[in-house]
Amino acid sequence: MRVIKNGFLYQVTFMAKVFPVNCYLVEEEEGLTLMDAALPYCAKGIITAAANIGKPITKIVLTHAHEDHVGALDAIKETLPDIPVYISVRDNRIMNGDLSLDQEEDQTPIKGGVPKKLRTRANLLLKEGELVGSLAAIETPGHTPGSMAFFDTRTHALIAGDAFQTRGGTAVAGDIKPLFPFPAFGTWSKKTALNSAKKLVEYQPKLLAVGHGEMTENPVNAMQKAIRSLEQKLR
Ligand SMILES: [Zn+2]
C-alpha cells in the first residue's frame, strides 16, 4: 500500500506497480470521507491509512458500483458499522444487482465486475450538485450509467472515479490505452463517457484524482487531449 497526500486529499494505492487500484481519504474538519473501497483485501490498509492521518472515517462515498471500488466495503463496515454509505441513485441499482437500462440510456450492456456477494447497502443516494462535506457530486455517466465524480469546493481537486484514467496515459473512460486497457474494457458507453468528460473539464480542476493511475496537477490540458483522442476514435 502507498499513500500520497495532496492538500486535503490522500490517495491510497494498492498494487501501484502492476495493477494500480486507488481509493481516497478526504480530510474534513471532523473526520475523513473514504472515496471508494478498492478490493476485498484492502480493508486493513484503508483503516490503517486513516489511523495514521489521525481522524475517524465518518462517511464512505462510492464513485460507482464496480468490484474494484466497493471490494473492501463489507469488511470496513464490519469494523465501522455506523458509517453511512453514499452512492448515486442510478448506480445504487447496480449495487443491488439490477443491470437493467433506462429507455433514454445508450442500449449497450453494463460491463465490468459487478459485485455479486456484496452485503452492504447504501444509506444515502446522491444526485447532481449535492454536497457531501466539501465535495460536490457531479453525475458523470459513461463508465457505468450512474458514475459520479466529486469536486472539492475548497481546493478544486476533482476525484473522477473511472471517468478518466491516468495509468498508461490520461484517457477518457472507454478509450483503450494498450498499457492499461482494463478500465476501457469495463466501460458501458463511450459516447456517454465522452460527454461526461467534457462536462468535467469545464470545472477547470486543479488536480485530477482517478481510480487507476497517479494524481495529476493542473490536468486541464491532459484532459482536453484525452477528450480529443476519444472524439476522433468515435467519429
Ligand atoms: Zn475501476
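See the structure printed just above.
Only a predicted model underlies this, so the values are computations on that prediction, with no experimental measurement involved.

Conventions adopted
- Along every chain, residues carry numbers that run from 1 in the direction the sequence is written.
- Note on the predicted model: pLDDT of at least 70 is required for a residue's local features to be given, and 80 or more for side-chain atom pairs to be given and counted; whole-chain, interface and lining totals, by contrast, use all residues.
- With hydrogens and water set aside, each side-chain value is computed from the structure's full complement of heavy atoms.
- Here a helix means four or more residues in a row that DSSP labels H or I, a strand means two or more in a row labelled E, and each is numbered from the N terminus.
- Remark: exposure states derive from per-residue accessible area (1.4 Å probe, protein chains only) relative to the maximum for the residue type, with buried under 20%, exposed over 50%, and partly exposed in between.
- Here, any two strands with at least 2 DSSP bridges between them count as paired.
- Inter-axis angles, ranging from 0 to 180 degrees, are taken between N-to-C directions of lines fitted to C-alpha atoms, where helices are fitted over the stretch in contact.
- When checking whether two residues touch, look at their non-hydrogen atoms; a contact exists if any pair is within 4.5 Å.
- Any two rings among Phe, Tyr and Trp, with Trp reduced to its six-membered ring, count as a pair given centres within 6.5 Å; such a pair is stacked if its planes are under 30 degrees apart, edge-to-face if over 60, and tilted if neither.
- The definition of a polar contact used here is a pair of N or O atoms within 3.5 Å, where within protein one atom must be able to donate a hydrogen and the other to accept one, and adjacent residues in sequence count solely through side-chain atom pairs.

A. Main features of the side chain of Thr 192. On the secondary structure map, Thr 192 appears in helix α6 (residues 190-201). Exposure remark for Thr 192: the relative accessible area of 17% places this residue in the buried category.

B. Main features of the sheet that holds strand β4 (residues 32-35). Overall, mixed pairing links the seven strands, which are arranged β1-β2-β3-β4-β5-β6-β7 in an open sheet. Taken across any chain shown, the strands that pair with only one partner, and hence form the sheet edges, are β1 (2-6) and β7 (124-126). Ignoring which end each strand starts from, the neighbouring axes of this sheet average 25° apart. Where strand β2 (residues 9-14) lies against strand β3 (residues 21-27), six bridges are found, and the strand directions are antiparallel. Each residue of the ladder has a partner; that of Thr 13, found in β3, is Asn 22. Against the sheet, helix α1 (residues 43-53) makes contact with β1, β2, β3, β4 and β5 (57-61), and its axis sits at roughly 30° relative to β3, the strand it touches most.

C. Representation of the packing of aromatic side chains within the structure. Per the stated rule, a full pass over the model turns up six aromatic pairs. For the pair Phe 19 and Phe 182, a centre-to-centre distance of 5.0 Å together with 40° between the ring planes defines the contact as tilted. With a gap of 163 residues between them, Phe 19 in the loop between β2 and β3 and Phe 182 in helix α5 (residues 182-185) connect regions that are remote in the sequence. Overall, the relative accessible area of 41% leaves Phe 182 in the partly exposed class.

D. View of the side chain of Thr 13. Here Thr 13 shows up in strand β2. Judged by relative accessible area, which is 2%, Thr 13 ranks as buried. One polar contact links Thr 13 to Asn 22, side chain to side chain, over a distance of 2.7 Å. Setting aside chain neighbours within four positions, we find Thr 13 in contact with Met 1, Arg 2, Pro 20, Val 21 and Asn 22.

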